[in-house]
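Spelled out from the first residue to the last, the chains are:
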Amino acid sequence: MGVSRIGVYLAHPRPGSFNHALADAVADELRGRGCEVVAHDLCAEGFAPVLTAGETETVAAAGESADPQLALHRAEVATLDALVLVHPNWWGMPPAVLTGWVQRVMVPGVAYKLGTADGEPAGLLRAGRALVLNTSDTPEEREHGEFGDPLERIWAACVLPYVGVTDVRRVVFRTVTDSTDATRAQWLHRARQEAAALLG
């Protein structure tokens, strides 16, 4: 087996956020273990999240995109051995930039194929594993009791299995706003451990 190629996708608009620290720690750990890391700070890169009318096809394979940034992301995601997604929990959803990235990049012919609109998809991504790192200010008991952990459903049930990623690991760091430096250091260590485990 050759060098693992892993995509690290960060979705947080504020430089210096704890999400940035998580993404940096993961990328550093993976590079230190000999991986080729394809890292994207979607907000800093100005990834445009809004689908165009021509991108709403769900069955026919997507054609070549005239948007060079979008074409790059589609080409890259098909070459990855694993995915790492780093983002905060905002209203039980990923930030809009990451939702738009999924909708514009994980398209038919790139991430899945579908024979008919009501058929079962066949995932096309070669990445069998994904690590999702979330930050939250909602205590775990309330998250599960009142909201049912919608991010778990989004990633582990709706999105990643659809495109062929069957091993989905997810860690939530909470509550972030009132966390101490020592706690954050522990969280960064945990993020490195989880990143290393992707290679196991």
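Scroll up to find the structure.
Residues numbered from 1 in each chain as written. Predicted model: local features only at pLDDT ≥ 70, side-chain atom pairs only at ≥ 80, totals over all residues. Heavy atoms only, no water.

**Description of the overall build of the chain**
When you go through the chain residue by residue, the secondary structure sums to six helices and seven strands. Going from the N terminus to the C terminus, the chain shows its helices and strands as β-α-β-α-β-α-β-β-β-α-α-β-α. Expected size for 200 residues packed as a compact globule is a radius of gyration near 16 Å; at 17 Å, the chain falls within 12% of this value. The buried share of the chain, taken over its 200 residues, is 44%. Within the chain, contacts between residues at least 6 apart in sequence are counted, and of these 78% link residues at least 24 apart. Taking the 17 positively charged and 25 negatively charged side chains of the chain as two groups, their mean positions are separated by 3 Å. (Helix = DSSP H or I, 4+ residues; strand = E, 2+ residues; numbered from the N terminus. Rg over C-alpha atoms; globule rule 2.2 N^0.38 Å. Buried < 20%, exposed > 50% of the residue type's maximum accessible area, 1.4 Å probe, protein only. Contact = heavy atoms within 4.5 Å. Lys, Arg positive; Asp, Glu negative; His and termini not counted. Charge placed at Lys NZ, Arg CZ, Asp CG, Glu CD.)

**A look at the sheet that holds strand β2 (residues 36–41)**
The five strands lie next to each other as β2-β1-β3-β6-β7, forming an open sheet whose pairing is parallel. Looking along the sheet, the strands with just one partner apiece sit at the ends: β2 and β7 (167–174). Taking each pair of neighbouring strands and ignoring which way they run, the sheet shows an average axis angle of 15 degrees. The pairing of strand β6 (residues 129–136) with β7 spans eight bridges and is classified as parallel. Bridge pairing in β7 links N134 to V172. (Pairing = 2+ DSSP bridges. Axes fitted to C-alpha atoms, helices over the stretch in contact; angles between N-to-C directions.)

**Side note on the packing of aromatic side chains**
With the rule as written, the count across this model stands at five aromatic pairs. Considering the side-chain rings of F18 and F173, the 6.4 Å spacing of their centres and the 85 degrees angle between planes classify their relative orientation as edge-to-face. Linking F18 in helix α1 (residues 18–32) with F173 in strand β7, this pair joins segments that are 155 residues apart in sequence. The exposure class assigned to F18 is buried, which follows from its relative accessible area of 6%. (Phe/Tyr/Trp six-rings, centres within 6.5 Å; stacked < 30°, edge-to-face > 60°.)

**A word on the environment of G92**
Within the secondary structure, G92 is located in the loop between β3 (82–88) and α3 (96–105). Residue G92 is classed as buried on the basis of its relative accessible area, which comes to 15%. Sequence spacing of G92 and V8 is 84 residues, and the spatial spacing of their C-alpha atoms is 21 Å. In this view, G92 contacts P150, L151 and I154; residues no more than four positions away in its chain are not counted.

**Some thoughts on a nonpolar patch on the surface**
Among the surface-exposed residues, W90, W91 and M93 lie close enough to one another that they form a single nonpolar patch of about 440 Å² accessible area. The topology assignment puts W91 in the loop between β3 and α3. (Patch = residues over 30% accessible without salt bridge, like charges linked within 9 Å, V, L, I, M, F, W, Y side chains within 5 Å. Areas by Shrake-Rupley, 256 points an atom, 1.4 Å probe, with all protein chains shown as cover. Salt bridge = Lys/Arg side-chain N within 4 Å of Asp/Glu carboxyl O.)

**Details of helix α2 (residues 68–77)**
Looking only at α2, the buried set comprises L70, H73, R74, E76 and V77. The buried residues of α2 occupy an angular sector of 165 degrees when the element is viewed end-on, so they sit on one face. On its buried face, α2 is in contact with β1 (5–10), β2, β3 and α3. Two to three positions downstream of the cap, the backbone nitrogen of Q69 sits 2.9 Å from a side-chain oxygen, assigning the N-cap of α2 to D67. (Arc of directions from axis to C-beta. Polar contact = N/O pair within 3.5 Å; in protein donor to acceptor, adjacent residues only side chain to side chain.)

Fair warning: the whole summary comes from geometry, so function is off the table for now.
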